[in-house]
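# Structure at a glance
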Amino acid sequence: MIELLFFIIIKLKSRYNLKMSFEVDQRNKNQNQMGDQTDRDLIARYGLEDDPKIRMGFIRKVFGILTCQLVFTALIVGACMAKRKDPKFVKLMSNPGVLVGAIAGSLISMIALVCCKCDKTVPLNYILLTIFTLCESVIVGHICMRVPNPMIVCEAAALTGAMVTGIFVYACCSKTDFTVFGPLLFELGLMFCVLGIFIALFAPGMHIYLAFAGVILFGFYLIIDVQLLVSGSFGGHRKYQIDEDSYIMGAMAIYMDIINIFLYILEIMNQPETTN
């Protein structure tokens, strides 16, 4: 649930980093009377770049940051799983201060990036992102250590990788524009968060259904975030895109999508066996 709250805050910030991506093409069709001034006005209004190479550089930067985040998280989780039989390490990870410190560090660094506009300040944004990724990795490692069978963690990671790969391919190749559904899914995310709190308090036995819904919800979130990232050429068909200066927020949004999908798949697979 903590991961979901972090995710909602990131999504709230990302809504303010969007710009139109198809207006140049739409209005270029009617520029016979307006001339080239149309493009210059739209570039000034929406921050659109007239060089597609800049957009491709932005996409490569986001995917590079995302890859580093995922590899770092995998290494931390792998180390936690490898040391799970070490009494000293287990005692360290069982200390409430470690988990509380990781949550606090993740929250503080995220607030600095999201609310204090540090996401565009170099090198502070990279430092805060490293702290955020480290704290999130510790939280995920702590969760994975509580799974009795390590193979379940590996299987959940494999399923997450397959699902994420399929979503990436579909989001890039699909002609359907999902970016327009961002506000709707944001509202569903808020409802999902409130429902999760009620289930945790009053109906803990229904958490498995919440996990299934979470995988579906964050799958759609991932489609939208990927399309917000890869759209942006003047010939693109996506209505919205993330602006080129928000590479940190773009990487964080997709990273949290993948982490939440993994955790919900892990929760589904880690159900105790029932005997008749």
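Residues numbered from 1 in each chain as written. Predicted model: local features only at pLDDT ≥ 70, side-chain atom pairs only at ≥ 80, totals over all residues. Heavy atoms only, no water.

## Topic: the overall build of the protein chain
When its secondary structure is counted, the protein chain shows 11 helices and two strands. Each helix (α) and strand (β) of the protein chain, taken in turn from the N terminus, gives the series α-β-α-α-α-α-α-α-α-α-α-β-α. Counting all 276 residues of the protein chain, 46% fall into the buried class. Working note: accessible area of the protein chain is about 14200 Å², and carbon and sulfur atoms make up 68% of it. (Helix = DSSP H or I, 4+ residues; strand = E, 2+ residues; numbered from the N terminus. Buried < 20%, exposed > 50% of the residue type's maximum accessible area, 1.4 Å probe, protein only. Areas by Shrake-Rupley, 256 points an atom, 1.4 Å probe, with all protein chains shown as cover.)

## Some details on the packing of helix H10 (residues 207–230) against helix H11 (residues 247–269)
Contact geometry for H10 and H11: axes closest at 8 Å, N-to-C directions at 155°. Between H10 and H11, the angle falls in the class roughly antiparallel. Considering the relative orientation of H10 and H11, their crossing is left-handed. Class assignment of the residues belonging to the contact of H10 with H11 gives a composition of 16 nonpolar, four polar and three charged. (Axes fitted to C-alpha atoms, helices over the stretch in contact; angles between N-to-C directions. Parallel < 35°, antiparallel > 145°, perpendicular 65-115°, else oblique. Left-handed = near helix turned anticlockwise from the far one by under 90°. Nonpolar A, V, L, I, M, F, W, Y, C, P; charged D, E, K, R; others polar.)

## Brief notes about a nonpolar patch on the surface
On the surface, Val180, Phe181, Leu184, Leu188 and Met191 cluster together into a nonpolar patch covering about 460 Å² of accessible area. Checked against the element boundaries, Leu184 lands in helix H9 (residues 182–202). (Patch = residues over 30% accessible without salt bridge, like charges linked within 9 Å, V, L, I, M, F, W, Y side chains within 5 Å. Salt bridge = Lys/Arg side-chain N within 4 Å of Asp/Glu carboxyl O.)

## Section: the packing of aromatic side chains
Following the criterion strictly, the structure yields 10 aromatic pairs and no others. When the centroid spacing of 6.4 Å and the interplanar angle of 55° are considered together, the rings of Phe178 and Phe181 count as tilted. Classification of Phe181 by relative accessible area gives partly exposed; the value is 39%. In this structure, Lys61 packs its charged tip against the face of Tyr247, placed 4.3 Å from the ring centre. (Phe/Tyr/Trp six-rings, centres within 6.5 Å; stacked < 30°, edge-to-face > 60°. Lys NZ or Arg CZ within 6 Å of the ring centre and 35° of its normal.)

## Things to note about helix H6 (residues 96–114)
Between its first and last C-alpha atoms H6 spans 27 Å; for 19 residues at 1.5 Å apiece the expected length is 27 Å, and the two agree. Among all positions of H6, only Ala102, Gly105, Ser106, Ser109, Met110, Ala112, Leu113 and Val114 are buried. The residue sitting at the N-terminus of H6 and contributing the capping side-chain oxygen is Asn95; that oxygen lies 2.9 Å from the backbone nitrogen of Gly97. (Expected span 1.5 Å × (residues − 1). Polar contact = N/O pair within 3.5 Å; in protein donor to acceptor, adjacent residues only side chain to side chain.)

## Details of the pattern of salt bridges
Summed over the entire model, instances satisfying the criterion amount to one salt bridge. With a shortest N-O distance of 3.1 Å, Asp86 and Lys83 are connected by a salt bridge. In this structure Lys83 comes out as partly exposed when scored by relative accessible area, which is 39%.

## Observations regarding the nonpolar core
Cys144, Leu222, Met252, Phe262 and Leu266 are the most contacted members of the largest nonpolar core, which has 61 residues in total. Those elements that place two or more of their residues in this core are helix H4 (52–82), H6, helix H7 (124–145), helix H8 (150–173), H9, H10 and H11. Of the residues forming this core, the biggest block, 17 residues, is contributed by H11. Core analysis: the next-biggest nonpolar cluster, separate from the first, contains eight residues, Phe89, Val138, Ile139 and Met145 among them. (Core = buried A, V, L, I, M, F, W, Y, C linked by side-chain atoms within 4.5 Å.)

## A word on the environment of Cys173
Tracing the sequence through the fold places Cys173 in helix H8. Using a relative accessible area of 56% as the deciding quantity, one classes Cys173 as exposed.

## Things to note about unusual backbone geometry
The peptide bond linking Val122 to Pro123 adopts the cis configuration, its omega dihedral lying at 5°. Positionally, Pro123 belongs in the loop between H6 and H7.

## Structural notes on the packing of H8 against H11
When two helices pack together, you describe them by how their axes are tilted relative to each other and by the distance separating the axes. The interhelical angle for the contact between H8 and H11, taken along N-to-C directions, is 135°, at an axis separation of 9 Å. Here H8 lies oblique to H11, going by the angle between them. Where H8 crosses over H11, the two elements pack in a sense that is right-handed. Here Ile152, Val153, Glu155, Ala156, Ala157, Leu159, Thr160, Met163, Val164 and Phe168 of H8 lie close against H11, whose contacting residues are Ile254, Ile258, Ile261, Phe262, Ile265, Leu266 and Met269. For the contact of H8 with H11, the class distribution of residues is 15 nonpolar, one polar and one charged. (Contact = heavy atoms within 4.5 Å.)

## Structural notes on the confidence of the model for the protein chain
Mean pLDDT for the protein chain: 79, with 77% of residues reaching 70 or above. Mean pLDDT per element in the protein chain: helix H2 (residues 23–28) is the minimum at 44, and H7 is the maximum at 93. (pLDDT = per-residue confidence, 0-100.)

## Considerations on the environment of Ser109
Among the secondary structure elements, Ser109 is positioned in helix H6. Note: C-alpha distance between Ser109 and Thr133 (24 residues apart in sequence) is 9.5 Å. When sequence neighbours within four positions are dropped, the list of residues in contact with Ser109 reads Leu128, Ile131 and Phe132.

## Quick notes on the side chain of Thr179
Within the element layout of this structure, Thr179 appears in the loop between H8 and H9. Look at Thr179 and you get buried, because its relative accessible area is 4%. Looking at Thr179, its side chain comes within polar contact range of the side chain of Asp177, at 2.6 Å.

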